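# A look at the structure
Here's the letter readout for the chains.
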Amino acid sequence: MTSELFSPLPLRSGQVLKNRIAKAAMEENMAGDGQLPDGQLLSLYRRWAAGGAGLLITGNVMVHAEALTGPAGVVLDERAPLEPFTEWAKAARSGGGAIWMQINHPGRQVASDMPGVVWGPSDIGVSLGKHSGRFGRPTAMTPRQIEDTVARYAVTARRAEDAGFDGVEIHAAHGYLLSQFLSPLVNKRTDQWGGPLENRARMLLDIVRAVRASVSPSFAVAVKLNSADFQRGGFDADDARRVIGMLEPLGVDLVELSGGSYESPAMTGRPADDRTQAREAYFLDLAEDLVKTSPIPLMLTGGITRRATADKVLDSGVAVIGMGTALAVTPDLPERWRQGREADRHMRPVTWSDKALASAAGMAQVRHQMRRLARGSSPKPGTHPAIALVSELRKQRRALRGYRAWLTKSRATA
């Protein structure tokens, strides 16, 4: 069975994706000693590489060793040894597809028990009602901290290319730092990084310029952007359209559309304002509107599990379909689609009324499947979400001890 889904896609950089299917980024939280990729991640990505996707995008790799989304996050900064990343890239390219590294800074979305820094455009914390204490209280970034962070993204991108990755994806969605700067609800600055959208987008645009200048022309540069934050008065589809237009002159190859944040987890299909409750392709309606004017190819991620849905997304004008959870459960799904088959199992849904807790449990379920894949085991999507969440919390506590020790040692030798 052939269709546009399995046709190549040439990009602006000259890179050609072998098909239109991408493994979207999922935060693995599986770093080994020294916050580096180890055998677990290599095994996991070999499994995905064999599955037939034209593009694999890593879970977020952190640009700042003192600012992690979780204690088992991978860090690639100027001090990190390159060999583990070179091995990771080789493993991910073993199936003939491209491998891009998603690079990120959490900003204010840092757990309150984590060492390091909690920064944001302003000193506005994450609001999750009774769960708000899970996150640290941010301090507003100084101009110097903003400039240093721009430079960190460029360093990470250059080193990713040196390690053999084919591109990077700059994460500006899901409520992380760059998404925070874009949001009028979080960014209350009155200087050149706040106020009108042109100012709120400044940090993202500066990072794209710095990254593009630090890598070769054939190295892909992509951006992950919210189609909307799904919070009243927040970043919306009109803002997304304008930002895409700002990115076009800067040499961006692809913009991945998603949505939501920890405060409104639309990326799990459960936004705070209930404006989208689609079972599949959560953000397709917004993407169909954005694709009409986008000068950059778009990738859509969020809830795609069936071939018919993927074809519908491509028919809308979207260039690449991204899948996360579906490939954690069925890592060879692209090859199955090529053969005319579908997935024979799906993740057990989390139906808890507490959306913040349900989102955390859903992510824990996905990580549980990824760890099974890394061990060479079959996924077990029927695992109860409560069991997955408890197991994840235990692993995170152990990882936190290791991260604290590593960070203390790193600071002492800096």
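The sections below set out a description of the structure shown in this document. Sequence order as written defines residue numbering, which begins from 1 separately in each chain. Confidence filtering applies because this is a predicted model: local features only for residues at pLDDT of at least 70, side-chain atom pairs given and counted only at 80 or more, and all residues used for totals across whole chains, interfaces and linings. The basis for the side-chain values is all heavy atoms of the structure; hydrogens and waters are excluded.

### A word on the overall build of the chain
Along the backbone of the chain there are 13 helices and 13 strands. Here the C-alpha atoms of the chain give a radius of gyration of 19 Å, agreeing with the 22 Å that 2.2 N^0.38 yields for 414 residues. The principal-axis extent of the C-alpha atoms belonging to the chain is close to 55 × 45 × 45 Å. Accessible area is worked out with a 1.4 Å probe on protein chains only. A residue is then buried under 20% of its type maximum, exposed over 50%, and partly exposed in between. Here the chain, with 414 residues, has 62% of them falling under the buried criterion. Only heavy atoms matter for contacts: two residues are in contact if any of them lie within 4.5 Å across the pair. Restricting the contact set of the chain to residue pairs at least 6 apart, pairs at least 24 apart contribute 71%. Across the chain, 53 positive and 43 negative side-chain charges occur, with their mean positions spaced 6 Å apart. The numbering of helices and of strands both runs from the N terminus, where a helix is a DSSP run of H or I of at least 4 residues and a strand a run of E of at least 2. In this treatment the radius of gyration is a C-alpha quantity, and the globule benchmark scales as 2.2 Å times the residue count to the 0.38 power. Under the convention used here, Asp and Glu are negative, Lys and Arg are positive, and both His and the chain ends fall outside the count. Charge coordinates come from a single atom per side chain, which is NZ of Lys, CZ of Arg, CG of Asp or CD of Glu.

### Topic: the pairing of strand β12 (residues 298–301)
Across the two faces of β12 the burial is the same, with L298 and L300 and M299 and T301 all buried. Strand pairing follows a simple DSSP-based rule, namely that at least 2 bridges must link the two strands. Bridge analysis of strand β11 (residues 254–258) against β12 gives three bridges, and the strand direction is parallel. Looking at the pairing, L257 lines up with L300 of β12. The pairing of β12 with strand β13 (residues 320–323) spans three bridges and is parallel. When the bridges of β13 are listed, L300 appears paired with I321. The handedness rule is simple: strands pointing away from the viewer, and a clockwise path from the first strand over the helix to the second, make the crossover right-handed. Following the backbone out of β12, through helix α9 (residues 307–315) and into the adjacent parallel β13, one traces a crossover that is right-handed.

### Here we look at the packing of aromatic side chains
Any pair of Phe, Tyr and Trp rings, taking the six-membered ring for Trp, is counted once the centres come within 6.5 Å. Such a pair is stacked with planes under 30 degrees apart, edge-to-face with planes over 60 apart, and tilted for the rest. For the coordinates displayed, the defined rule picks out five aromatic pairs. Between Y45 and W48, the ring centres sit 5.1 Å apart and the planes meet at 80 degrees, which makes this aromatic pair edge-to-face. Placement of the pair is Y45 and W48 together in helix α1 (residues 39–49), with a separation of three residues, close to one helical turn. With respect to burial, Y45 and W48 carry one shared label: buried. Considering the side-chain rings of Y45 and W88, the 5.6 Å spacing of their centres and the 85 degrees angle between planes classify their relative orientation as edge-to-face.

### Digging into helix α6 (residues 202–214)
The terminal C-alpha atoms of α6 lie 18 Å apart, and with 13 residues this matches the ideal 18 Å at 1.5 Å per residue to within 8%. Among the residues making up α6, those that are buried are M203, L204, L205, I207, V208, V211 and R212. Where α6 is buried, its residues contact α3 (143–162), β9 (167–172), α4 (177–182), β10 (220–226) and α7 (237–247). A helix is expected to reach a length of 1.5 Å times the quantity of its residues less one.

### Some details on the nonpolar core
Buried residues of nine kinds, namely Ala, Val, Leu, Ile, Met, Phe, Trp, Tyr and Cys, make up a nonpolar core once their side-chain atoms join them within 4.5 Å. Counting residues in each nonpolar core, the largest one holds 97 residues, and the members touching the most others are F85, I170, M203, L204, L247, I321 and W337. With residues near it in sequence (within four places) discarded, L247 still touches L204, L205, V208, V223, V252, V255 and I296. Among the nonpolar cores identified, the runner-up in size contains 16 residues, and A22, A220, L254 and A319 belong to it.

### Some thoughts on unusual backbone geometry
The backbone phi angle of N29 is positive, close to 50 degrees, even though this residue is not glycine. Within the secondary structure, N29 is located in the loop between β3 (21–23) and α1. For H174, which is not a glycine, the phi torsion comes out positive at approximately 60 degrees. By the secondary structure assignment, H174 is in the loop between β9 and α4. You can call H174 buried: its relative accessible area is 11%.

### Examining the pattern of salt bridges
A pair is scored as a salt bridge if a Lys or Arg side-chain nitrogen falls within 4 Å of a carboxyl oxygen belonging to Asp or Glu. Counted according to the given criterion, the structure contains 23 salt bridges. Between K224 and E256 there is a salt bridge; the shortest N-O distance is 3.5 Å. With a gap of 32 residues between them, K224 in strand β10 and E256 in strand β11 connect regions that are remote in the sequence. Relative accessible area serves as the criterion here: at 0%, E256 is assigned to the buried category. What you see here is one network of salt bridges that share partners, running through E27, R367, R371 and E392.

### A few points about the packing of α1 against helix α2 (residues 83–92)
In this description, a line fitted to the C-alpha atoms serves as the axis of each element, helices being fitted only across the stretch in contact, and the angle between N-to-C directions of two axes falls anywhere from 0 to 180 degrees. Relative orientation of the contacting elements α1 and α2 amounts to 20 degrees, with a least axis distance of 7 Å. One element, α1, and the other, α2, form an angle in the roughly parallel class. The chirality of how α1 crosses α2 is right-handed. Residues L41, L42, Y45, R46 and A49 of α1 lie in contact with α2, whose contacting residues are P84, E87, W88, A91 and A92. Roughly parallel covers angles under 35 degrees, roughly antiparallel covers those over 145, roughly perpendicular covers 65 to 115, and oblique covers all other angles. By convention, the crossing between two helices is left-handed when the near helix turns anticlockwise from the far helix through less than a right angle, and right-handed when the turn is clockwise.

### Observations regarding helix α13 (residues 385–413)
Counted at 1.5 Å a residue, the expected span for α13 with its 29 residues is 42 Å, and the 41 Å between its end C-alpha atoms agrees. Those residues of α13 that fall on the buried side of the exposure criterion are P385, A388, L389, E392, Q396, A399, L400, Y403, L407 and S410. In the core, the buried residues of α13 are packed alongside α12 (355–374).

### Points about a positive patch on the surface
Among the surface-exposed residues, R394, R397, R398 and R401 lie close enough to one another that they form a single positively charged patch. Along the polypeptide, R397 turns up in helix α13. Candidate patch residues must exceed 30% relative accessible area and have no salt bridge, after which like charges are joined if within 9 Å and Val, Leu, Ile, Met, Phe, Trp or Tyr side chains if within 5 Å. Only the protein chains shown count as covering a residue, and every accessible area follows the Shrake-Rupley method with a 1.4 Å probe.

### A word on the side chain of D77
With respect to the helices and strands, the residue D77 is situated in the loop between β5 (61–62) and α2. With no salt bridge to any partner, buried D77 finds its closest opposite charge in R159, at an N-O distance of 5.3 Å. Contacts described as polar in this section are N or O atom pairs within 3.5 Å, which, within protein, must combine one atom able to donate a hydrogen with one able to accept it, while residues neighboring in sequence count only if both atoms come from side chains. A distance of 3.1 Å separates the side chain of D77 from the backbone nitrogen of A80, its partner in a polar contact.

### Observations regarding the packing of α1 against α12
For the pair α1 and α12, the least separation of the axes is 8 Å and the interaxial angle reads 90 degrees. As far as their axial angle goes, α12 and α1 are roughly perpendicular. Between α1 and α12, the contacting residues are Q40, S43, L44, R47 and W48 on the first element and M370, R372, L373 and A374 on the second. Three categories are distinguished: nonpolar for Ala, Val, Leu, Ile, Met, Phe, Trp, Tyr, Cys and Pro, charged for Asp, Glu, Lys and Arg, and polar for the others, with Gly belonging to the last. Classifying every residue of the contact of α1 with α12 by side-chain character gives five nonpolar, two polar and two charged.

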